[in-house]
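# A look at the structure
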Amino acid sequence: MKKTLLFTLLLIGISFTAQSQQRYAIIDTKYILEKIPEYKNADKKLQEIGEQWQKEIDDKQTVLDKMYKNYEAEQFMLTEDLRKKREDELFVREKEIRDLQKKRFGYEGDLFKERQRLIKPVQDRVYSAVQKMALARSYDFVLDKSEGITVIFADPKLDKSDDILKELGIK
């Protein structure tokens, strides 16, 4: 019985020692990315592209709305064939707008592809710098406090975001 108790206490002591030796750092990727000029330029370009595509969609929607109003005003004077033809045309235009929205802003749409092309290389550089720092300083964990996880308290001396910026050559 004494041996079992002693063995259990020894295991508990070893586990506390192992936990206390774990090293970790906290970074803020949002802060890091906002300090990188390439990211700011890419983000600005993405916003401009998105606004341009949204304007294109809005313009098409305005034309469609005008067509609907004209149709509603004229539908009682149209023959059955003309009314059916106009309704079909409205339906086709509405579908074109929905398809364009999906193509531009949908999952894996044009905006997603542009984001991958412009921003992913910068994010990959940051990730590589984090990995290099973590290996060089023997960190077991690197937590990102910008999004996704909740950090209730973090000692500011643990925040290594500025070290990542130095690794990237940004002051």
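In short, a report on the structure. (Residues numbered from 1 in each chain as written. Predicted model: local features only at pLDDT ≥ 70, side-chain atom pairs only at ≥ 80, totals over all residues. Heavy atoms only, no water.)

## Some words on the pattern of salt bridges
The tally for this structure, following the rule as stated, stands at 16 salt bridges. Across the pair arginine 83 and glutamate 80 runs a salt bridge whose closest N-O atoms are separated by 2.8 Å. Of this pair, arginine 83 and glutamate 80 both sit in helix H4 (residues 80-105), three residues apart, roughly one helical turn. With its nearest N and O atoms 3.9 Å apart, the salt bridge here joins glutamate 89 to arginine 93. Linking glutamate 89 with arginine 93, this pair stays in helix H4, spanning four residues, or about one helical turn. With relative accessibility at 35%, the residue glutamate 89 sits in the partly exposed group. Each member of the salt-bridge network shares a partner with another, and the members are Glu56, Lys103, Arg104 and Asp110. (Salt bridge = Lys/Arg side-chain N within 4 Å of Asp/Glu carboxyl O. Helix = DSSP H or I, 4+ residues; strand = E, 2+ residues; numbered from the N terminus. Buried < 20%, exposed > 50% of the residue type's maximum accessible area, 1.4 Å probe, protein only.)

## Some thoughts on the layout of surface pockets
Considered as a void within the structure, the largest pocket measures approximately 160 Å³ in volume. If you go around the largest pocket, the residues you meet are Thr29, Lys30, Leu33, Glu34, Tyr39, Gln123, Ser146 and Glu147. Among the elements that line the lining of the largest pocket, the one with the most residues is helix H2 (residues 29-34), at four residues. Of the residues belonging to the lining of the largest pocket, the class tally is two nonpolar, three polar and three charged. (1 Å grid on protein atoms, 1.4 Å probe; cavity = no way out; pocket = protein on both sides within 12 Å on 5 of 7 lines; lining within 4 Å. Points joined across faces, edges and corners; volume = space filled by probe spheres on them. Nonpolar A, V, L, I, M, F, W, Y, C, P; charged D, E, K, R; others polar.)

## Some details on the environment of lysine 166
Looking at where lysine 166 falls in the secondary structure, it is placed in helix H7 (residues 161-167). It is 9.3 Å that separates the C-alpha atoms of lysine 166 and alanine 129, two residues lying 37 residues apart in sequence.

Function-wise, these values are silent; they only describe arrangement.
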